[in-house]
Amino acid sequence: MSNKKKDLIPQVLTVLFIILVIIYFTINAQNNMGNRGISFGFGFLSQESSFDIAFSLIDYDGSYSYARAFLVGLLNTILVSVIGIFFATILGVTVGISRLSQNYLIAKAAEWYVEIFRNIPLILQIFFWYFAALRALPLTIDSINFYDISFLNVKGWYIPRFIWTNFSTFVYSIITAAILIILVSRYSRKQRDEFGKQIPVFYISLAILFILPFLSFLIGGVTLSFKIPELTQLSKTIYVYQGGVTIIPELISLALALSMYTATFIAENVRAGILGVNKGQKEAAASIGLTRGQILKLVVMPQALRIIIPPTTNQYLNLTKNSSLAAAIAYPDIVLVFAGTALMQTGRAIEIISITMLTYLSLSLSISVFMNWYNKKMAIKEK
């Protein structure tokens, strides 16, 4: 028997064992449910949910189905995850670079930030922002006013609503601009590698990103107006803002906690990546007259990314899964809406928990696939 077949046998046996275990627990669960008169199926998803959700990115009320409620929870989970990843990345990169600053004050401030926020449990940080910080904001009538266009109070942050005409044309202009920027970037890289020419990619990209959307307004019939939130008195003591977009305090506190907590780990990844670049390369770059900013941008970061990206991917996954703590402050994510309210009303524990687990698995795998693609794209290719 060849070595290849010998190596294959343990793998086949392992897969068969896993399949048998799954079959055993499936049959066992079906028998137990049958004995208790509990049916199994996903037909309940089409039934009326009969409960409201405080915050939704799409139209929803109690007359919609459980499937619609699941979609609302999923979109809310994706929303807070995307916001958290975006701000955690910006803050993490900034703090990570700051930790290596030659300015003593900046370096120490970054170090203390990492040590403080990294060592406080995430759930406590969520409670701090929600109960201690945002709950201390003024009532609606005494809202913090930002130039008469945005208002912040204990009920949330009220911002103007964008009202578009021919919005699809504007989106097409953005997509076209993105494609042109990619082409310019590739052309610039080719010119630099083959002929040593430097093309101002940043300024060209900035011009493309500004000119094409501007043309969509000028000749494409795109218009944009704003609906400013207006204070309305419903009764003698009740005031509300109407007409704008409301960002609920649960979303604000959850996004703040997730981004500030995860940023500490990303900062350490960035610091490790920069320190992983050979000191001699930095000195060689300085010897040819490059500034510290140019050395960081052109020499250090392109090499550091191969160290930074893999552990940062883990932090993106952790942030997405940690968003399930939203239930602690009643943010209507998929756990609270679907694995909470919907489960209690229907009693479909196995079906709902299975769907929720599969959803988080799908989100995590999607992030992993994208980050692995990006890591491969940014890898230093040997010639």
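Structure's up top.
The text that follows walks through the structure, step by step, so that each part is easy to find. (Residues numbered from 1 in each chain as written. Predicted model: local features only at pLDDT ≥ 70, side-chain atom pairs only at ≥ 80, totals over all residues. Heavy atoms only, no water.)

### Focus: the overall build of the chain
Thought 1: Within the chain, the regular secondary structure consists of eleven helices and eight strands.
Thought 2: The dimensions of the chain, computed from C-alpha atoms along their principal axes, are 85 × 75 × 50 Å.
Thought 3: Partitioning the contacts of the chain with sequence separation of at least 6, the portion at a separation of at least 24 is 65%.
Thought 4: On the chain, the mean spot of the 30 positive side-chain charges and the mean spot of the 18 negative ones are 12 Å from each other. (Helix = DSSP H or I, 4+ residues; strand = E, 2+ residues; numbered from the N terminus. Contact = heavy atoms within 4.5 Å. Lys, Arg positive; Asp, Glu negative; His and termini not counted. Charge placed at Lys NZ, Arg CZ, Asp CG, Glu CD.)

### Description of the nonpolar core
Thought 1: The biggest cluster of nonpolar side chains holds 44 residues, and the ones touching the most others in it are V80, Y113, L254 and Y331.
Thought 2: With twelve residues, the single largest contributor to this core is helix α7 (residues 249-275).
Thought 3: If sequence neighbours within four positions are ignored, Y331 has contacts with F55, N76, L79, V80, I248, E250, L251, L254, A326 and L336. (Core = buried A, V, L, I, M, F, W, Y, C linked by side-chain atoms within 4.5 Å. Buried < 20%, exposed > 50% of the residue type's maximum accessible area, 1.4 Å probe, protein only.)

### Topic: the pattern of salt bridges
Thought 1: Under the definition given, this model contains six salt bridges.
Thought 2: For E115, the salt bridge goes to R118, with nearest N and O atoms at 2.9 Å. Here E115 and its partner R118 are both found in helix α3 (residues 104-118), three residues apart, which amounts to about one turn of the helix.
Thought 3: Judged by relative accessible area, which is 30%, E115 ranks as partly exposed.
Thought 4: Using a relative accessible area of 25% as the deciding quantity, one classes R118 as partly exposed.
Thought 5: Salt bridges linked by common partners bring R99, E115, R118, E268 and R271 together as one network. (Salt bridge = Lys/Arg side-chain N within 4 Å of Asp/Glu carboxyl O.)

### Topic: the layout of surface pockets
Thought 1: Taken as a whole, the largest pocket encloses approximately 1700 Å³ of empty space.
Thought 2: Lining the largest pocket we find 31 residues, and of these S185, R189, R192, P302 and M378 sit closest to its centre.
Thought 3: Of all the elements in the fold, those that place two or more residues in the lining of the largest pocket are α5 (167-195), α6 (201-218), α9 (292-322) and α11 (349-378).
Thought 4: The dominant element in the lining of the largest pocket, judged by the number of residues it contributes, is α9, at nine residues.
Thought 5: In this structure, the second largest pocket spans a volume of roughly 600 Å³.
Thought 6: Lining the second largest pocket are 19 residues, and of these T89, L305, Y316, M371 and Y374 sit closest to its centre.
Thought 7: At seven residues, the largest contribution of residues to the lining of the second largest pocket is made by α9. (1 Å grid on protein atoms, 1.4 Å probe; cavity = no way out; pocket = protein on both sides within 12 Å on 5 of 7 lines; lining within 4 Å. Points joined across faces, edges and corners; volume = space filled by probe spheres on them.)

### Things to note about α5
Thought 1: With 29 residues, α5 should reach 42 Å at 1.5 Å per residue; the first-to-last C-alpha distance of 42 Å fits that figure.
Thought 2: Taken as a whole, α5 has its buried residues at F170, S173, A177, V184, S188 and Q191. (Expected span 1.5 Å × (residues − 1).)

### Considerations on the pairing of strand β6 (residues 230-233)
Thought 1: Sheet topology places β6 next to strand β7 (residues 239-242); four bridges connect them, and they run antiparallel. Of the residues in β7, the one forming a bridge with L231 is Y241. (Pairing = 2+ DSSP bridges.)

### Structural notes on the packing of aromatic side chains
Thought 1: Within this structure, the stated rule accounts for 25 aromatic pairs.
Thought 2: Plain terms: the ring middles of Y113 and F117 are 4.8 Å apart, the flat faces sit at 40 degrees to each other, and that makes the pair tilted. Of this pair, Y113 and F117 both sit in helix α3, four residues apart, which is roughly one turn of the helix.
Thought 3: An angle of 70 degrees between the planes, with centres 6.5 Å apart, marks the rings of F162 and W164 as edge-to-face.
Thought 4: You can call W164 partly exposed: its relative accessible area is 26%.
Thought 5: One aromatic cluster is present, formed by F162, W164, F167, F170, F217 and F226 through successive ring pairs.
Thought 6: Seen from the ring of Y64, R68 lies directly overhead, with NZ or CZ sitting 4.9 Å from the centre. (Phe/Tyr/Trp six-rings, centres within 6.5 Å; stacked < 30°, edge-to-face > 60°. Lys NZ or Arg CZ within 6 Å of the ring centre and 35° of its normal.)

### Section: the sheet that holds strand β8 (residues 245-247)
Thought 1: The strand order β1-β2-β3-β8 describes an open sheet built from four strands, whose pairing is antiparallel. Where the open sheet ends on each side, the last strands, each with one partner, are β1 (144-146) and β8. Adjacent strand axes in the sheet meet at a mean angle of 20 degrees, parallel and antiparallel pairs treated alike.
Thought 2: Both strand β2 (residues 150-153) and strand β3 (residues 156-159) contribute to a ladder of three bridges, which runs antiparallel. Along β3, the bridge assignment pairs L152 with W157. (Axes fitted to C-alpha atoms, helices over the stretch in contact; angles between N-to-C directions.)

### Some words on the packing of helix α2 (residues 66-98) against α3
Thought 1: One way to put it is that α2 packs onto α3 with a least axis distance of 8 Å and a crossing angle of 130 degrees. Considering the angle they form, α2 stands oblique to α3. Viewed along their axes, α2 and α3 form a crossing whose handedness is left-handed. Of α3, the residues touching α2 (which contributes L91, V95 and S98) are I106, A107, A110, Y113 and V114.
Thought 2: When its residues are assigned to classes, the contact of α2 with α3 shows seven nonpolar, one polar and no charged. (Parallel < 35°, antiparallel > 145°, perpendicular 65-115°, else oblique. Left-handed = near helix turned anticlockwise from the far one by under 90°. Nonpolar A, V, L, I, M, F, W, Y, C, P; charged D, E, K, R; others polar.)

### Examining the environment of V337
Thought 1: Mapped onto the secondary structure, V337 falls in helix α10 (residues 334-346).
Thought 2: When its relative accessible area of 4% is taken as the criterion, V337 is described as buried.
Thought 3: With 93 residues separating them along the chain, V337 and G244 place their C-alpha atoms 25 Å apart.
Thought 4: When sequence neighbours within four positions are dropped, the list of residues in contact with V337 reads F51, I53, A69, G73, P332 and A342.

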